[in-house]
Amino acid sequence: MIDNSKIKLCCKKMDKAIFSEKIIEYDICTREYSIEIDAKSVRVLHFCPFCGTKLPKELITEFYDVLQNEYNFDLNNLDYPDFKNAPEEMQSDEWWKKRGL
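Residues numbered from 1 in each chain as written. Predicted model: local features only at pLDDT ≥ 70, side-chain atom pairs only at ≥ 80, totals over all residues. Heavy atoms only, no water.

### Thoughts on the overall build of the protein chain
Part 1 of the reasoning: Helix and strand counts for the protein chain come out as three helices and three strands.
Part 2 of the reasoning: Split into buried and exposed, the 101 residues of the protein chain put 35% on the buried side.
Part 3 of the reasoning: Pairs at least 24 residues apart make up 40% of the contacts formed inside the protein chain by residues separated by at least 6 positions.
Part 4 of the reasoning: Entry remark: accessible area of the protein chain is about 6,900 Å², with carbon and sulfur atoms responsible for 48%. (Helix = DSSP H or I, 4+ residues; strand = E, 2+ residues; numbered from the N terminus. Buried < 20%, exposed > 50% of the residue type's maximum accessible area, 1.4 Å probe, protein only. Contact = heavy atoms within 4.5 Å. Areas by Shrake-Rupley, 256 points an atom, 1.4 Å probe, with all protein chains shown as cover.)

### Description of the packing of aromatic side chains
Any two aromatic rings considered together are summarised by their centre-to-centre distance and by the angle between their planes.
Part 1 of the reasoning: Counted under the stated rule, the structure contains three aromatic pairs.
Part 2 of the reasoning: Taking 4.6 Å as the distance between ring centres and 45° as the angle between the ring planes, the aromatic pair formed by Tyr-26 and Tyr-33 counts as tilted. Across the pair, Tyr-33 and Tyr-26 agree in class, each one buried.
Part 3 of the reasoning: With a centroid separation of 5.6 Å and 75° between ring planes, the pair formed by Phe-63 and Tyr-64 is classed as edge-to-face.
Part 4 of the reasoning: Taking the relative accessible area as the measure of exposure, Tyr-64 reaches 24% and is therefore partly exposed.
Part 5 of the reasoning: Here Arg-31 stacks its cationic end above the ring of Trp-96, 4.7 Å away from the centre of that ring.
Part 6 of the reasoning: The aromatic ring of Trp-96 is capped on one face by Lys-97, whose charged end is 5.8 Å from the ring centroid. (Phe/Tyr/Trp six-rings, centres within 6.5 Å; stacked < 30°, edge-to-face > 60°. Lys NZ or Arg CZ within 6 Å of the ring centre and 35° of its normal.)

### A word on the sheet that holds strand β2 (residues 32–38)
Part 1 of the reasoning: The three strands lie next to each other as β1-β2-β3, forming an open sheet whose pairing is antiparallel. Either end of the sheet is taken by a strand with one partner, and the two such strands are β1 (25–27) and β3 (41–44). Pairwise comparison of adjacent strand axes, ignoring direction, gives a mean angle of 35° for this sheet.
Part 2 of the reasoning: The sheet contact formed by β2 and β3 spans four bridges and is antiparallel. Across the sheet, Glu-36 pairs through a bridge with Val-42, a residue of β3. (Pairing = 2+ DSSP bridges. Axes fitted to C-alpha atoms, helices over the stretch in contact; angles between N-to-C directions.)

### A word on the pattern of salt bridges
Once their charged atoms are close, side chains differing in charge can pair, the charge on each being opposite to the other.
Part 1 of the reasoning: Considering all chains together, one arrives at six salt bridges under this definition.
Part 2 of the reasoning: The partner of Glu-89 in a salt bridge is Arg-99, with the nearest N and O atoms 2.9 Å apart. On the criterion of sequence distance, the pair formed by Glu-89 in the loop between α2 (60–71) and α3 (94–98) and Arg-99 in the segment after α3 is long-range, its members being 10 residues apart.
Part 3 of the reasoning: The class for Glu-89 is buried, based on a relative accessible area of 7%.
Part 4 of the reasoning: Owing to a relative accessible area of 24%, Arg-99 belongs among the partly exposed residues under this scheme. (Salt bridge = Lys/Arg side-chain N within 4 Å of Asp/Glu carboxyl O.)

### A short note on the nonpolar core
Nonpolar side chains in soluble globular proteins tend to be buried together.
Part 1 of the reasoning: One finds Leu-9, Met-14, Ile-18, Tyr-26, Tyr-33, Met-90 and Trp-95 to be the most contacted residues of the largest nonpolar core, which totals 24 residues.
Part 2 of the reasoning: Secondary-structure elements contributing two or more residues to this core are α1 (12–20), α2 and α3.
Part 3 of the reasoning: Residue contributions to this core peak at four residues, all from α1. (Core = buried A, V, L, I, M, F, W, Y, C linked by side-chain atoms within 4.5 Å.)

Quick look at the structure:
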């Protein structure tokens, strides 16, 4: 569960869409904002659909790079999107904050 008091969002509508209405998904591990289009399609958001603010760069590539390069992690053992097999720091925003990303 994401603690919304620790995430700084661009506007109150985005906060409501993520935490109350749950129409926008926020992945704390990869800093990715997305919206489900239909049962087979998800779109990553680069701008807030409410206020137009540019959202922070998602870190999915960096996430996998850190797992491989720093932890010698076998990505075949990764249970996406839960990342339950990943090292503890990689299961939250700790890893990217610690690296200044």
